Amino acid sequence: MLDPTTHPDSAIGRVETKNTTCYMCACRCGIRVTLRDGEIRHIEGNPEHPLNKGVICAKGASGIMKQYSPARLTKPLLRKEGAERGSSEFEEISWERAFDIMEERLGNLRATDPKKFALFTGRDQMQALTGMFAKQYGTPNYAAHGGFCSVNMAAGMIYSIGGSFWEFGGPDLERSKLFIMIGTAEDHHSNPMKMELSKFKRHGGRFITINPVRTGYSAIADEWVPIKPGTDGALLLAICNELISQGLFDRDFLVQYTNAAELVIQDEARDDDGLFYRAEMHVEEGCFDPENKLWWDRELDVAMSTRTPGSDPYLLGEFTLDDGTKVKPSFQLLKDRLAEYTPEWAEGITGIPVETIKRLAHEMGVVARDQKIELPIQWTDCWGNEHDKVVGSPVSFHAMRGLAAHSNGFHTIRALSVLMTLLGTIDTPGGFRHKAPFPRPIPPCPKPPKGPEAVQPNTPLDGMPLGWPKDPDDLFVDGDGEPVRIDKAFSWEYPLSVHGLMQNAITNAWRGDPYKIDTLMLFMANMAWNSSMNTAKVREMLVDKDENGDYKIPFIIVADAFQSETVAFGDLVLPDTTYLERHDTISMLDRPISEYDGPVDSVRIPVVPPKGDCKPFQEVIVELGSRLKLPAFTNEDGSRKFRDYPDLITNFETSPGSGIGFLAGWRGKAGEKSLKGEPNPRQWEMYAKNNCVFHYELPLSYQYMRNWNKGYLEWARAHGLVRYAEPINLHLYSEVMQKFRLAAQGKRPGKQPPERLRNRVEQFFDPLPFYHETLEAQQVDTQEYPLNALTQRPMAMYHSWDSQNAWLRQIHTHNYLMVNPKLGRAQGFDDGDWVWVESPWGKVRCMARYSESVEPGTVWTWNAIGKASGAWALDPDANESQKGFLLNHLITEELPPSEAGEHLSNSDPVTGQAAWFDVRVKVYKAEEGEPEVSFPQFKPQHTLPGQPGKRGKWQVYFAGMFNRKKSA
Amino acid sequence: MTQLALVIDLNVCVGCHACVTSCKEWNTSGWAGPMADEEPYGKDPSGTFFNRVQMYEVGEFPATETVHFPKSCLHCEEPPCVPVCPTGASYKREDNGVVLVDYDKCIGCKYCSWSCPYGVRELDEYQKVMKKCTLCIDRISDETKPEAERKPACVLSCPTSARLFGDVHDPDSEVSVAIRENAGYQLMPEWGTKPANHYLPRRKTRIQIFEDELIRADNPLKKEEAVGEIIGDTIDDVAM
Amino acid sequence: MHPAFSVIFLTTLIGAAQGLFLALVTAQVYAVDGILPAQEPGFYVQGSFIALVLLALGLVAAAFHLGKLEYFITRAWRGMSQWRTSWLSRELIALPIFMGLVFLYFAAHYAGLHEPLFTIGGKLAVDATLLIGIVGAVMAFVLYISTAMIYASVRFMQEWHSPLTVFNYILFGLASGFVLAAAFAATVGSDLVGFFTGWALIFTIASAVTRGASLYRNARIEHKSNLQTAIGVRHPRIRQKSMGFMGGSFNTREFFHHASDSAYDMMRYAFIALVFVVPVILLLLDAPLLAFIAQYIGLLAERWYFFAEAKHPQNLYYQSIA
Ligand SMILES: Nc1nc2c(c(=O)[nH]1)N[C@H]1C(S)=C(S)[C@@H](COP(=O)(O)OP(=O)(O)OC[C@H]3O[C@@H](n4cnc5c(=O)[nH]c(N)nc54)[C@H](O)[C@@H]3O)O[C@H]1N2
Ligand SMILES: Nc1nc2c(c(=O)[nH]1)N[C@H]1C(S)=C(S)[C@@H](COP(=O)(O)OP(=O)(O)OC[C@H]3O[C@@H](n4cnc5c(=O)[nH]c(N)nc54)[C@H](O)[C@@H]3O)O[C@H]1N2
Ligand code: SF4
Ligand code: SF4
Ligand code: SF4
Ligand code: SF4
Ligand code: SF4
Ligand SMILES: [Mo]
């Protein structure tokens, strides 16, 4: 062989390097793609990218295998005449024909009843575009994955502190000293989280993880606190109790920046019971919380306008206003609430010893109090006070779906928000930090439509398909208080379902509840597999027919890049490009990749040409929008407005002259403006030149305390991030919740819940966080089904996408049910045995693996490794389908009938968050002689027209020779 | 003499496998490639990898430690795999201590793999020659690359920077300092192979809270004690 | 270790060939000295031809041990280059030399080169065949040692890393070679059957003693490496959960025998019976050919077991998938 030191890699072929943004997952790292003779040689992290600074993950580094995967779709496909849906019998058609079919069908629906068209999208990053399309089309039936993903996280925190974990904010590990991670396995900020965690540990930070399972990040924690699933609310409330009873809270922070001292009316007889007492004064209407409230001054012992200069209020006490109104500071109400939530009480629920709970509280409280960070940064707050420093408490948290994906998740996350608030760590150094466009008002401005009249033929929707209700009048219900949307979002069943309830769309459409739809379009969502609960049944619904022999869901369009399980159920299949083949924007209007120090958005620019007849779904949207003559896609004269997607991105403005478009960088005629400014014809070029990313670094004085930072808020208003530069005070006590409760109690005029739901709304719309058992645990026999079954994200796989990836699937070829040996021994099965896992809703057969890293009451498995036989271009006998299994078969999408209704979603009653992790199971050994394959099995899917051929026994990738070799 | 090596910090490795696939990705199209995959889309897929990340559980619930453990060729200073090779295909470079295989000489007899206690050599079942980590020799020595990128692919990719790269013979190098200061150790020292790669152990940070830290003069609860109205007499009212 | 059939056949075939050759040469030397009756030249021609055939078959088996058959032609020569350090290289040199000598021995007998070249002590006439035979005998031992040392020198396989491995291998070769010689003598009606049988019994019993010793040793071996040293964590309870991949790899194929416990035990009983007990009985019953067949099959089992018995420390890293 040649001496490797004298013959560099680049000597082998023609080499070129291009930058773009990764999309092997939603983290959106900057990548540098090196091509050799047109084939991908190497994908590495872009060292100049602010997000990942050169690192990459297992998935990102396996992008080559996605690009050349035999699972790729390359032709538009139409279900064959006479073939049954689901049988994978397709014919290739032209794009022209595909567009004609869609134009005719969608055009007719739009002209008659636009809500009969439903568009649901999965874990995509173009909700700004798809949402805009849906609104323009006029259908309310639009949502993305948020409802089944982590809407509890978004809603729970945004309704409390105006920002959230997930993709909207995070822990400042750089300066933190104590970090508590709760219920997180991987999350979206994958690479940055890992980078930060390691730096944090190396700087001597203390890392505690609260999780029933110890893997991944939790593995390197200094302390693992195993907890029973679904009980974090109890733990967090007990910690709050201990903090308050020890006086370990940040009083100054609570007084100034939260509604802790604000006086709440306490009179059950009154209709405004539980609302803040508001002084009569002129208040401007807007989506912000007017400051016409009172607190009780300690010096003068009288009620006084909140934040009156020089005044210091009581946080505790009970007072009577001059007009005789009995009031309490909301902090007193919180303290009263917490009284029953003692550490002793929580021990029994969470399985965490009292001493541990108290110690956790003490560690948090003492570190927050005694290790304050002071940065010499001057800033001015909204009330005009000048500060010569920014002060922070170095205790930070991160939490994700371990809290969110439970039906009590909203209140658990409220409890976490309260805990963080008590410690005073909101947008402070070492604590929680916002990412632009957050903080936003509590709740943010966009509102869903208000009733059925918002949906009119040939007219855009009146309102945003998704929004943030601030009171019952913002619900999207008809005169009877019943839902207008097919997923029943923004109805009394799940009033704050701010991301929709995609998990129920198919079941509802199948049942025709609340109505039947005609066309269901699924983009990038594997709804016939891991994105549905009760998967086997959902697959039947997709092919179910009515008494006339017509499909109950008449027409299904699937836009996918791969031969997924869902593709088999399409009537029309649109082959999308891969992330390396298309333009894309990761927009401020959606979920940008902002950093703590300022807004960041980014783009993708194609590095290789599309394969076969693949077409970016973005182009499909632009084409359809133009053909259907949706206003935003059409000039005054009816002609097409945008040539293609890049043209739309360059020239689109949210409204004429708003200066706000999809991309925030290099706006203005010559690219001289940021965030807001006229369209710049050379914007793409400028992104291309700058690593495909735009990073706006805020001045230091705007980087902290942004909820109340006058400079920041005014800057944000000037740059179109917020409408009002008003303070965003933290809602320790949630008046929004109380308004819904009052309506349920019949104390509020306006929209009223249907009778069956009154108790439910009254119970769950508690203005203070409370602990309740998950809905499932309340309704099933937990003696019979004693275990909690969970899934976790594997770091080396993204949802169901990566089993087609020849390298990644070698790491996870199938999954096991991980169980504590205690459980196995008690049930009489051994490490590696085949077992049945049974819930009240279904059963699966799989293999068990003993593990000491799991709490004995919990069993878990990696998410979405199990596959349907023959999908993803895998052989029908591939391990994924024969040994792998999908936990979703055990999870119900609907709760058993109850007083509150027959078909309630198995979701959080506040937000509609899918309660994936509530499922209760029992596990027992499979019988001797049972087949050693996982159950259930489905009829194998087969290869589709246009799918590149299988590669046989060997695959030998060498860039520049791969395709040549193959054809040879 | 220079001895290049990796130092792997188990204290921060989260087991993400980034080093696994970025290694494969760099090397399959490089000097040491291709790295074939068998049954890539079929039953029991397997293939050649130079680096694997394993997982161990230490202790019993609830005192369990989950240890992620990456492992590739350790570039032993006394590499037992080299002298046994009949063809001279396996060799250790004089200039930097990297242990390599020359595929053109290798007869695939596997004997070297028997003489490696660490299980890091893999016979490429397609090409039938022995393969292993090259420390990305074609990358670290590629002078057309900027200095900062002349590092192994796995090192550049690692999100937790759990993988350090450098000369363990230079006492001032980052790797030597890390080994010294963090009790770096070698695997299976009992064989005298003197692996150049080292591992850094788990380290724990604890916080001690003293009782008296909970009681403080400035406890905010004190501010909540109501001044309250005075009911009845005070001494001031009655004393003469 | 995974028992590779190529190596099992290679070692048993050439071991027997070497033994047979040594038997022939011994017979010839004794004959020169008059201790044993002289044989027809045809006896040596046929005998050495059998040895050559066995060697050739061994070589064919060996070729299958290379990565690709073509390497046998294109690269195997390189295998001789590292004789300073590699026992495998030494074997690769010794084997062809030995084969060459056997061939020369065969050819010399065939060509009838029986003119004495010189005499020792005026009594022992040394001809070309004898000279080649003696050099060949020395080479046979060099080859025995080289082959045996390939295994015995791998210190990581503690079951192998012992002088017993060398003794066993040599004694198995001698035993099977002399049994074969006896069978051959009986077949061609030579009067050496008794002589060969006697030595065959001695070698077989000696190998039973040394192999018994190694079984005893291996059953009690304390392995130097354990999970604690493998990953450097000091804790009595460590379990691997994931080896990092699921569909297997070279490291799971090459270093594990993948046989069930019962199959493994069966192999041990089988080889003890077939290598030692049965041949001894058959030899005593004057059935040397059957004895050879039984012993050869037994040796195949013994080699299988020899591999399966060895526990490579790398296996500590490949215990579980998840
Ligand atoms: N590699 C990779 N990265 C991904 C994804 C992927 O598929 N692969 N998916 C992306 C997406 S869409 C999402 S939504 C995020 C999700 O990111 P995560 O929220 O990190 O996702 P999960 O894997 O669901 O992790 C849930 C964690 O919560 C724990 N848990 C479950 N129930 C409880 C509980 O009641 N209490 C506590 N304390 N813990 C609990 C589980 O053990 C698990 O560790 O990841 C994103 N990133
Ligand atoms: N049991 C259980 N189930 C869960 C979860 C859980 O924790 N436990 N998590 C839930 C969560 S949080 C989420 S976000 C969902 C994730 O679920 P989804 O967002 O639905 O992700 P996937 O299931 O991977 O399906 C995405 C589809 O997109 C396709 N695709 C991939 N790349 C492209 C592309 O570039 N273009 C197009 N058009 N299509 C593409 C894939 O082929 C696949 O069919 O899963 C949910 N399901
Ligand atoms: S974390 Fe996600 S975006 Fe970043 S490199 Fe990995 S797959 Fe790509
Ligand atoms: S890339 Fe780094 S953190 Fe990830 S497995 Fe490898 S060494 Fe560990
Ligand atoms: S780790 Fe194994 S292959 Fe690498 S140098 Fe050491 S003995 Fe040789
Ligand atoms: S397999 Fe190749 S490198 Fe290894 S000992 Fe044999 S010839 Fe040498
Ligand atoms: S140094 Fe290079 S070859 Fe070795 S494990 Fe790392 S990436 Fe692979
Ligand atoms: Mo998600």
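Relevant structure appears above.
What you see is a predicted model, and the numbers here were worked out from it, not measured in a lab.

**Student:** Help me get a handle on the sheet that holds strand S26 (residues 584–586) of chain A, residues and values and all.
**Tutor:** Residues and elements named next belong to chain A. Overall, antiparallel pairing links the three strands, which are arranged S26-S27-S28 in an open sheet. Strand pairing shows two members of the sheet lacking a second neighbour, S26 and strand S28 (693–695), which therefore form its edges. Geometrically, the sheet is characterised by an average inter-axis angle of 10° between neighbouring strands, direction not taken into account. Sheet topology places S26 next to strand S27 (residues 600–604); three bridges connect them, and they run antiparallel. Along S27, the bridge assignment pairs Thr585 with Val603.

**Student:** Summarise the side chain of Ser311(A); cite the residues concerned and give the values.
**Tutor:** All names here are of chain A. Within the element layout of this structure, Ser311 appears in the loop between strand S14 (303–305) and strand S15 (319–320). Here the side chain of Ser311 touches Trp295 through a polar contact of 2.8 Å, side chain to side chain. In contact with Ser311, not counting residues within four places along its chain, are Trp295, Asp297 and Met304.

**Student:** A description of the interface of chain C and chain A should follow, citing residues and the corresponding values.
**Tutor:** With nine residues of chain C in contact, the opposing surface of chain A contributes eleven residues. In this structure, the connection of chain C to chain A is made through one salt bridge. A salt bridge links Glu852(A) to Arg237(C), with the shortest nitrogen-to-oxygen separation between them at 3.3 Å. There are four residue pairs in polar contact (both at pLDDT 80 or more) connecting chain C and chain A.

**Student:** Would you mind going over the pairing of strand S10 (residues 206–210) of chain A in detail, with residue names and values included?
**Tutor:** Residue and element names in this part refer to chain A. The buried fraction of S10 is high, at five of five residues. Here S10 shows a buried face lined by Arg206, Ile208 and Ile210 and a second buried face lined by Phe207 and Thr209. Across five bridges, strand S9 (residues 178–182) lies against S10 in parallel orientation. When the sheet's bridge partners are listed, Phe179 is paired in S10 with Phe207. Handedness of the β-α-β unit built from S9, helix H6 (residues 190–202) and S10 comes out right-handed. Relative to strand S11 (residues 223–225), S10 is paired through three bridges, and the arrangement is parallel. In the sheet register, Thr209 faces S11, and the bridge partner there is Trp224.

**Student:** Describe the interface of chain A and chain B, and please don't skip the residues or the numbers.
**Tutor:** When the parts come together, some accessible area is lost, and that loss is often what is quoted as the size of the interface. Every contact between the two is made by 99 residues of chain A and, on the other side, 84 residues of chain B. Carbon and sulfur atoms make up 55% of the area that chain A and chain B hide from each other, which totals about 7700 Å². When residues of chain A are sorted by the area they lose upon contact with chain B, Met1(A), Gln810(A) and Trp954(A) head the list and together hold 11% of the total. Remark: the boundary between chain A and chain B carries eight salt bridges. Across the salt bridge formed by Arg216(B) and Asp370(A), the nearest N and O atoms sit 2.9 Å from each other.

**Student:** An account of a nonpolar patch on the surface is needed here, citing residue identities and associated values.
**Tutor:** All names here are of chain C. Side chains of Leu117, Phe118, Ile120, Leu131 and Val135 sit close together on the surface and give an oily, nonpolar patch of about 440 Å² of accessible area. Looking at the nonpolar patch, the elements that each hand over two or more residues are strand S1 (116–120) and helix H5 (128–152). Along the chain, Val135 turns up in helix H5. A relative accessible area of 42% places Val135 in the partly exposed class.

**Student:** Any chance you could break down the state of the cysteines for me, citing the residues and the numbers?
**Tutor:** Residues and elements named next belong to chain A. Applying the stated criterion across every chain yields a total of one disulfide over all chains. The residue that forms a disulfide with Cys287 is Cys445, at a sulfur-sulfur distance of 1.8 Å. Highlighted residues: Cys287 in the loop between strand S12 (263–265) and strand S13 (294–296) and Cys445 in the loop between strand S22 (432–434) and helix H15 (505–511), separated in sequence by 158 residues. On the accessibility criterion, Cys445 (28% relative accessible area) is partly exposed. Considering cysteine sulfurs only, Cys22 is the nearest to Cys614, which forms no disulfide, with 18 Å between them. Given a relative accessible area of 8%, Cys614 falls into the buried group.

**Student:** Explain the pairing of strand S3 (residues 39–45) of chain A to me, and be specific about the residues and the numbers.
**Tutor:** Residue and element names in this part refer to chain A. Among the seven residues of S3, seven are classified as buried, and the element is accordingly described as predominantly covered. Pairing analysis gives six bridges linking strand S2 (residues 30–36) to S3, with the strands arranged antiparallel. Paired with Arg32 across the bridge in S3 is Glu44.

**Student:** Account for helix H22 (residues 755–764) of chain A, with residues named and values stated.
**Tutor:** Residues Leu757(A), Arg758(A), Arg760(A), Val761(A) and Phe764(A) constitute the buried set of H22(A). Considering only its buried residues, H22(A) is in contact with helix H14 (409–422), helix H21 (735–744) and helix H23 (775–779) of chain A.

**Student:** Lay out unusual backbone geometry in plain terms, naming residues and giving numbers.
**Tutor:** What you tend to see is this: most non-glycine residues have negative phi, and most peptide bonds are trans. Between Ala436(A) and Pro437(A) the backbone carries a cis peptide bond, its omega angle lying at 10°. Summarising the element assignment, Pro437(A) is placed in the loop between S22 and H15. Along the chain, Phe61(B) connects to Pro62(B) via a cis peptide bond; the corresponding omega equals 0°. Its location among the elements puts Pro62(B) in the loop between strand S4 (51–58) and strand S5 (65–72). At Glu39(B), a residue that is not glycine, the phi angle is positive and equals roughly 50°. Residues other than glycine seldom take positive phi values, yet Cys136(B) does so here, at roughly 55°. Residue Cys136(B) is classed as buried on the basis of its relative accessible area, which comes to 6%.

Calculation rules
- Residues numbered from 1 in each chain as written.
- Chains lettered and ligands numbered in written order.
- Predicted model: local features only at pLDDT ≥ 70, side-chain atom pairs only at ≥ 80, totals over all residues.
- Heavy atoms only, no water.
- Pairing = 2+ DSSP bridges.
- Helix = DSSP H or I, 4+ residues; strand = E, 2+ residues; numbered from the N terminus.
- Axes fitted to C-alpha atoms, helices over the stretch in contact; angles between N-to-C directions.
- Polar contact = N/O pair within 3.5 Å; in protein donor to acceptor, adjacent residues only side chain to side chain.
- Contact = heavy atoms within 4.5 Å.
- Salt bridge = Lys/Arg side-chain N within 4 Å of Asp/Glu carboxyl O.
- Buried < 20%, exposed > 50% of the residue type's maximum accessible area, 1.4 Å probe, protein only.
- Right-handed = clockwise from strand over helix to strand, strands pointing away.
- Buried area = accessible area lost by both parts, 1.4 Å probe.
- Patch = residues over 30% accessible without salt bridge, like charges linked within 9 Å, V, L, I, M, F, W, Y side chains within 5 Å.
- Areas by Shrake-Rupley, 256 points an atom, 1.4 Å probe, with all protein chains shown as cover.
- Disulfide = S-S within 2.5 Å.

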